[in-house]
Amino acid sequence: MITQSFYFDDEGDRKNSFELPGAKPHYNPDRPGQVEHIALDLVLNIPQQEFSGSCTITIRPIRSGITHLTLDAVDLVIQAVSVRAIAQPFDYNGEQLTIELLEPTGSDPFDLVIHYAARQPQRGLYFIGPDDHYPDKPLQVWTQGEDEDSRYWFPCFDYPGQLATSEIRVEVPQPLRAISNGELVGTENLGQTTRYHWHQKQIHPTYLMTLAVGDFAEIADQWQGIPVTYYVEKGQEASARLTMGKTPQMIAFLSEKYGYPYPYPKYAQVCVADFIFGGMENTSTTLLTDRCLLDERAMLDNERTESLVVHELAHQWFGDLVVIKHWSHAWLKEGAASYSEVIWTEHEYGPEAGAYYLLNEARSYLSEDSSRYRRPIVTNIYREAIELYDRHLYEKGACVYHMIRGILGDELFDRAIHRFINDHAHKTVETIDLLRAIEAATGRNLAFLFDQYVFRGGHPDFKVSYGWDNEAKLAKVTVKQTQAKSDSTGSDSQLFDLEIPIAFGSVNAQEQVSFQSLTVRLNQPEQTFYFPLTQKPDFFSFDVCNSFLKTVSLDYPVAALKQQLKYDPDPVSRIYAAIALAKKGGLEAIAALQTALTGDGFWGVRLEVAKQLSKIKLDQAVDALSTGLGDQDARVRRAVVESLAKIKNPKSYELVLAVARDGDASYGAEAAALRSLGGMVTGVLKTKQEEVIALYRSVLATRSGWNEVVRSGAIGGLSQLKTNPEAVALILEYTQPGTPQALRLAAIRALGAVSTGQTPDQVEQIAQELEAIAQEPFFLTQVAASGALGQMQTPEAIAILTALADQTPDGRVRRMAEEAVKRVQKNLGSDKALKQLREELEQLKKDNQDLKSRLAKLEAKP
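Quick notes on the rules
Residues numbered from 1 in each chain as written. Predicted model: local features only at pLDDT ≥ 70, side-chain atom pairs only at ≥ 80, totals over all residues. Heavy atoms only, no water. Helix = DSSP H or I, 4+ residues; strand = E, 2+ residues; numbered from the N terminus. Rg over C-alpha atoms; globule rule 2.2 N^0.38 Å. Buried < 20%, exposed > 50% of the residue type's maximum accessible area, 1.4 Å probe, protein only. Areas by Shrake-Rupley, 256 points an atom, 1.4 Å probe, with all protein chains shown as cover. Lys, Arg positive; Asp, Glu negative; His and termini not counted. Charge placed at Lys NZ, Arg CZ, Asp CG, Glu CD. Pairing = 2+ DSSP bridges. Axes fitted to C-alpha atoms, helices over the stretch in contact; angles between N-to-C directions. Contact = heavy atoms within 4.5 Å. Expected span 1.5 Å × (residues − 1). Disulfide = S-S within 2.5 Å. Parallel < 35°, antiparallel > 145°, perpendicular 65-115°, else oblique. Left-handed = near helix turned anticlockwise from the far one by under 90°. Nonpolar A, V, L, I, M, F, W, Y, C, P; charged D, E, K, R; others polar.

1. So, the overall build of the protein chain
No. 1: For the protein chain, the helix and strand inventory stands at 27 helices and 31 strands.
No. 2: What you see for the protein chain is a C-alpha radius of gyration of 29 Å, in line with the 29 Å of a compact globule of 862 residues.
No. 3: Principal-axis analysis of the C-alpha atoms places the extent of the protein chain at approximately 100 × 65 × 55 Å.
No. 4: The buried share of the protein chain, taken over its 862 residues, is 57%.
No. 5: A total of about 35,000 Å² of accessible surface is found on the protein chain, and carbon and sulfur atoms cover 49% of it.
No. 6: Here the protein chain carries 87 positive and 113 negative side-chain charges, and the mean point of each set is 6 Å from the other.

2. Section: the sheet that holds strand E27 (residues 498–507)
Within a sheet, each strand pairs with its neighbour through backbone hydrogen bonds, oriented either parallel or antiparallel.
No. 1: If you trace the three strands from one edge of the open sheet to the other, you get E28-E27-E30, paired in antiparallel fashion. A strand with exactly one partner marks an edge of an open sheet, and here the two such strands are strand E28 (513–522) and strand E30 (539–542). Strand-to-strand twist in this sheet, taken as the mean axis angle between neighbours without regard to direction, amounts to 20 degrees.
No. 2: Sitting on the sheet, helix H11 (residues 558–567) is in contact with E27, E28 and E30, with an inclination near 70 degrees to E30.

3. Comments concerning the pairing of E27
No. 1: Summarising burial for E27: eight of the ten residues are buried, a large majority.
No. 2: Here E27 pairs with E28 via ten bridges, running antiparallel. Following the sheet pairing, Leu 498 is matched in E28 by Leu 522.
No. 3: Counting the residues in the hairpin turn of E27 and E28 gives five residues, including Glu 511, whose phi is positive at 60 degrees.
No. 4: Judged from the four bridges that link them, E27 and E30 form a sheet pairing that is antiparallel. Residue pairing across strands places Phe 504 opposite Phe 540, the latter belonging to E30.

4. Observations concerning unusual backbone geometry
No. 1: Put simply, Glu 146 and Asp 147 share a cis peptide bond, and its omega is 5 degrees.
No. 2: Tracing the sequence through the fold places Asp 147 in the loop between strand E11 (140–143) and strand E12 (164–173).
No. 3: A cis geometry characterises the amide bond from Gln 174 onward to Pro 175, with omega recorded as 10 degrees.
No. 4: With phi around 45 degrees, Gln 120 is a residue other than glycine that occupies positive phi space.
No. 5: Inspection of the secondary structure puts Gln 120 in the loop between strand E9 (110–119) and strand E10 (125–128).
No. 6: Even without being glycine, Asp 543 reaches a positive phi, approximately 55 degrees.
No. 7: In this fold, Asp 543 is placed in the loop between E30 and strand E31 (551–555).

5. As for helix H22 (residues 741–754)
No. 1: Helix length check: H22, at 14 residues, gives a terminal C-alpha distance of 20 Å against a target of 20 Å (1.5 Å per residue), a fit within 8%.
No. 2: Summarising burial for H22: eleven of the 14 residues are buried, a large majority.
No. 3: If you check which residues of H22 are buried, you get Leu 743, Arg 744, Leu 745, Ala 746, Ala 747, Ile 748, Ala 750, Leu 751, Gly 752, Ala 753 and Val 754.

6. Some points on the state of the cysteines
No. 1: Inspection of the entire model under this criterion finds zero disulfides.
No. 2: The structure places no disulfide on Cys 156, whose sulfur is separated from the nearest cysteine sulfur, that of Cys 55, by 7.3 Å.
No. 3: No disulfide involves Cys 271; its sulfur sits 4.4 Å from the nearest other cysteine sulfur, which is in Cys 292.

7. Quick word on the packing of helix H6 (residues 351–371) against helix H7 (residues 392–408)
No. 1: Interhelical geometry of H6 versus H7 gives an angle of 130 degrees and a closest axis separation of 8 Å. Classified by the angle between their axes, H6 and H7 sit oblique to one another. Of the two possible hands of crossing, H6 and H7 adopt the one that is left-handed. Facing H6, whose interface residues are Leu 358, Glu 361, Ala 362, Ser 364, Tyr 365, Glu 368 and Asp 369, H7 presents His 392, Glu 395, Lys 396, Ala 398, Cys 399 and His 402.
No. 2: By residue class, the composition of the contact of H6 with H7 is five nonpolar, three polar and five charged.

Written out as structure tokens, the structure is:
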């Protein structure tokens, strides 16, 4: 077995390994020739969940004398193989099709024709339809190729380095329609069926070939004469426009931003049921989960759906037009598409919204890095390529693009992106190609940035101290890189070498802010800088504009933090100041945070301030938070409710209960109140459990709605009642088939959390339920079961997870199950004495909170 340190020598022992047993280096295979065209001719037998037909692959040999071809083809029935109408011998082992060419290749292209069929495929192509439990589910067929699942529905060279044109002829029952890549060449009415012919004239990889079949409504839009079409189940037309209606504006924005007009003859978005991703950027034809479709009320919480739409659209340039050569470079497209969410948010909602969106992208990566594993963004060591599709690939990749922009500036960044896309349109790329494009367009060599953030794992953890010497008129700034640790040679292998912009801010009588800006090079574990200034600054800003991916802890005087929270123009810097103020604690911090909660002009800062108020364990924080319950932004109200729930006293309980009982204009805020109540009714509030469960019963019986967000909130609240058997019984009611899918998945996930304080008999019942659920084939059900089992504290969970890992056809589920096994093993190491200690510590914290609150009141009296 190859150890982690063999590949990633910068991680040390504090991180879990990204590579699981069986991981190995992966490379693209040798190419016998260039695939020039792929033509599928298929007939779907939807009632039997079968299809049959032919796959014709046009190959131009790279060299003469080739006698064997090996194609990827999994769980297909191979019926015949021919070249120029002459049958060719072949061998098929269920995973690879090896063809013995009777005549060795010359230099001319030839057509390889494979007749085949597939019966009840488990991956690649999915048959969706009504059943006894879900009689209203639509009848649909759709495909999903990324990463290497096209081989499950047609024979191919299934890796991204081969680019070809393609076409699909498919016969489907009427009145269903078929949508695929490229242009619709024509349709043919065959009586009870219709044959659709689609042609993709621009080259693309096999994983972007797609087919979607259903009784769809078609909503037509356009951009500069190019059809922009939305396909949804009939009856969802209004939701389609709410969800995807900004697509033409997004196409215009990205065409300008990327310096390359939208490159395909159409852009279609097809919303399908039971989709296993949020979306998939098939060339000119994106598939989206129908869970993204909004109603009017959901528009209040719509940012993730809008981001999904722009993300998949951005892939039409990054991923489809410019194609990665190998999966290890997938960050080029996924990072760019994730960064498109940032720049679209900035464009549509303003710079503060864009900056805050990027902060949350960084936080998502940082969470994975701290709690799951650390890895270089670019690595070819894995078991299955799908394992690479994590928060390092997406969110950290987006942060890398932003750092490039921060270093170059907007004008040169745009120039570099234009150069990269125009130089590599309809070609494959690796990471080095982006570096070369940057240097060619701007003259800047950013290898130092890629070496530190892309080709190795990690990021800098800064601790920044600031002080003022009034007598010497000196500002003192000390920066520590707390992640830096000496290795066996005495060098600091995790040290970052960066030039960081800093600024000293001053506020005049008219409350106008001016800055004295400088740049410091940080390349040591600890560095102290002295700056002579004519007067004392009002505040200090580290990493002006917050371009660099990092964690940062601020140790500034309270007065400077208050001024920064009020006056720093960068919302992220104001948020960092709020975090530092909350750590200081006390009534002065509460007052400053309350002022920001009611007065800051940007909703993201108000939201973050609400979170920080909950960390000051004083009763006065409840009064401060209550002022935010009427905030005009639903996202702030949601954060206020969640923060109130963390303080856990009778007043905060009543405030949260009122929102849960009376509802909110926002699904999200209402669900947050319901979810939070369950965690509040412990300790002195335990007597309220009966009242809360009664409310949950009422909500579950009466408040169905969009994506079951509200009822799922009630289920989440029940999951926190870990010693209440009634909560288990109520959750189990909603794990049964026939429950709306979103609500059922929430209930399955809740079983894990609620199990941790239950009796052995109840834990056994929960384990048995999850064992049965884990055997269901649906991807999202397996994910939910894996997550629930990973929270349990019983050896039975390990056995169920091991069986799931062995039996699932999906690499993502397999990895989740294996990681969940480790969590259960860790959970089992936590004994009852430790649990009791935690309960006693919680009571001590509550007693201490009461004492501090009374003391603060006494100190506040004149």
